[in-house]
Amino acid sequence: MSKALTYLAKTRPEAATHLLGFYKHSVQALDDKTRHLIQIVTKVTVGTERGLRQYAPKALKAGASREEILDAVLMAFPAAGLNKVLDAIDIMREMDLLPEIPEEAPATAPQRNLGALEDFPLQRMHSLRRADGDLLVYRSGVDSVVVYSARCPHSKANLCRGTDHGTHVECRVHNWTFDLATGRCLQPEGGAGLQVIPTLVQEGQLVLA
Ligand code: FES
């Protein structure tokens, strides 16, 4: 419940009870995914960024694909117009809720060499955009390096766009947080950890194993 609704529930409990009751009981036949996708259409049409940020991740959580979320944004076009649709696309891309721009297929096999070890920063997350899947590189010490798939284990958001806190990275979509030295999920407790990509260091170069 939004802070404003919580406020109303406390200051105008009778009105809030009827309002919340309407929300709760009026929609009965639609499943969660369909309901949240329709909410995206209405939030884009009305042009409410706050509503979009609140409800769009719920569609993903309810099982909608990024393609379906993009369709919902575009469905708003006849009523919302181009500017609101483009604004919504900016917001949703920032939240990593839309499909990636398709990469051109690499002409050759993906590069095994990820770069010189010393070029990766110490105790900062380094993102590597690759056609075969983005990676996160983390050096916790001069000689200790670990490479992860950039796919969030929760719902596959791209952690290259996550918030780098130095020792941990926070996914922007549902705020799962991962220890960068171990890949362990810190928040929520017991969540799946990052997928480690096997690598080795050969003559100062970090290469895929
Ligand atoms: S996709 Fe949900 S926390 Fe990353």
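Residues numbered from 1 in each chain as written. Predicted model: local features only at pLDDT ≥ 70, side-chain atom pairs only at ≥ 80, totals over all residues. Heavy atoms only, no water.

## Topic: the sheet that holds strand 4 (residues 145-149)
- One open sheet holds the three strands; their spatial order is 2-3-4, and the pairing between them is antiparallel. Of all the strands in the sheet, the pair left with one neighbour each is strand 2 (125-128) and strand 4. Between one strand axis and the next, the sheet turns through 25° on average, direction left out of account.
- In terms of strand pairing, strand 3 (residues 135-139) meets strand 4 through five bridges, oriented antiparallel. (Pairing = 2+ DSSP bridges. Helix = DSSP H or I, 4+ residues; strand = E, 2+ residues; numbered from the N terminus. Axes fitted to C-alpha atoms, helices over the stretch in contact; angles between N-to-C directions.)

## Thoughts on the sheet that holds strand 9 (residues 199-202)
- Pairing in this open sheet of three strands is antiparallel, and the strands run 1-10-9 from one edge to the other. Every interior strand has two partners, whereas the edge strands, strand 1 (113-116) and strand 9, have only one. Averaged over all neighbouring strand pairs, the angle between strand axes comes to 25°, with direction disregarded.
- Two strands pair when backbone bridges link them, and strand 9 and strand 10 (residues 205-208) are joined in this way by four bridges, in the antiparallel orientation. Across the sheet, residue glutamine 202 finds its bridge partner in strand 10, namely glutamine 205.

## Topic: the nonpolar core
- Formed by 39 residues in total, the largest nonpolar core has its most connected members in Ile40, Val44, Ile69, Val73, Met92 and Phe178.
- Mapped by element, the contributors of at least two residues to this core are helix 3 (32-46), helix 4 (49-61), helix 5 (66-75), helix 7 (82-94), strand 3 and strand 4.
- With five residues, the top contributor of residues to this core is helix 7.
- When residues of this core are sorted by domain, at least three fall in each of domain 1 (18-94) and domain 2 (113-208).
- Look past the residues within four positions of valine 44 in its chain and what remains in contact with it is Leu52, Val73, Ala76, Ala80, Lys84, Val85 and Ala88.
- Leu135, Val137, Val147 and Leu208 belong to the second largest nonpolar core, which has nine residues in total. (Core = buried A, V, L, I, M, F, W, Y, C linked by side-chain atoms within 4.5 Å. Buried < 20%, exposed > 50% of the residue type's maximum accessible area, 1.4 Å probe, protein only. Domains from an automatic or database assignment. Contact = heavy atoms within 4.5 Å.)

## Describing a nonpolar patch on the surface
- Among the surface-exposed residues, Tyr7, Leu8, Leu19, Phe22 and Tyr23 lie close enough to one another that they form a single nonpolar patch of about 550 Å² accessible area.
- Only helix 1 (3-11) and helix 2 (13-26) provide two or more residues apiece to the nonpolar patch.
- Take the nonpolar patch: its biggest share by element is three residues, from helix 2.
- Note on placement: phenylalanine 22 falls in helix 2. (Patch = residues over 30% accessible without salt bridge, like charges linked within 9 Å, V, L, I, M, F, W, Y side chains within 5 Å. Areas by Shrake-Rupley, 256 points an atom, 1.4 Å probe, with all protein chains shown as cover. Salt bridge = Lys/Arg side-chain N within 4 Å of Asp/Glu carboxyl O.)

## Some words on the pairing of strand 3
- Most of strand 3 is tucked away, with five of its five residues classed as buried.
- Residues of strand 3 alternate between two faces, with Leu135, Val137 and Arg139 on one and Leu136 and Tyr138 on the opposite face, all of them buried.
- Pairing between strand 2 and strand 3: four bridges, direction antiparallel. Along strand 3, the bridge assignment pairs histidine 126 with valine 137.
- Linking two consecutive strands that pair antiparallel, namely strand 2 and strand 3, is a turn of six residues; a positive phi of about 120° is found at glycine 133 within it.
- Connecting strand 3 to the next strand, strand 4, in antiparallel fashion are five residues.

## Observations concerning helix 7
- Helix length check: helix 7 (13 residues) gives 18 Å between terminal C-alpha atoms against 18 Å at 1.5 Å per residue, within 8%.
- Among all positions of helix 7, only Val85, Ala88, Ile89, Ile91 and Met92 are buried. Buried residues in helix 7, looked at end-on, bunch into an arc of 165°, giving them a common side. Along helix 7, exposed side chains directed more than 90 degrees from the buried face belong to Asn83 and Asp90. (Expected span 1.5 Å × (residues − 1). Arc of directions from axis to C-beta.)

## What about the pattern of salt bridges?
- Counted by the stated rule, this structure contains ten salt bridges.
- Across the salt bridge formed by arginine 161 and aspartate 96, the nearest N and O atoms sit 2.6 Å from each other. One end of the pair, arginine 161, is in the loop between strand 4 and strand 5 (163-164); the other, aspartate 96, is in the loop between helix 7 and strand 1, and 65 residues separate them in sequence.
- Residue arginine 161 is classed as partly exposed on the basis of its relative accessible area, which comes to 21%.

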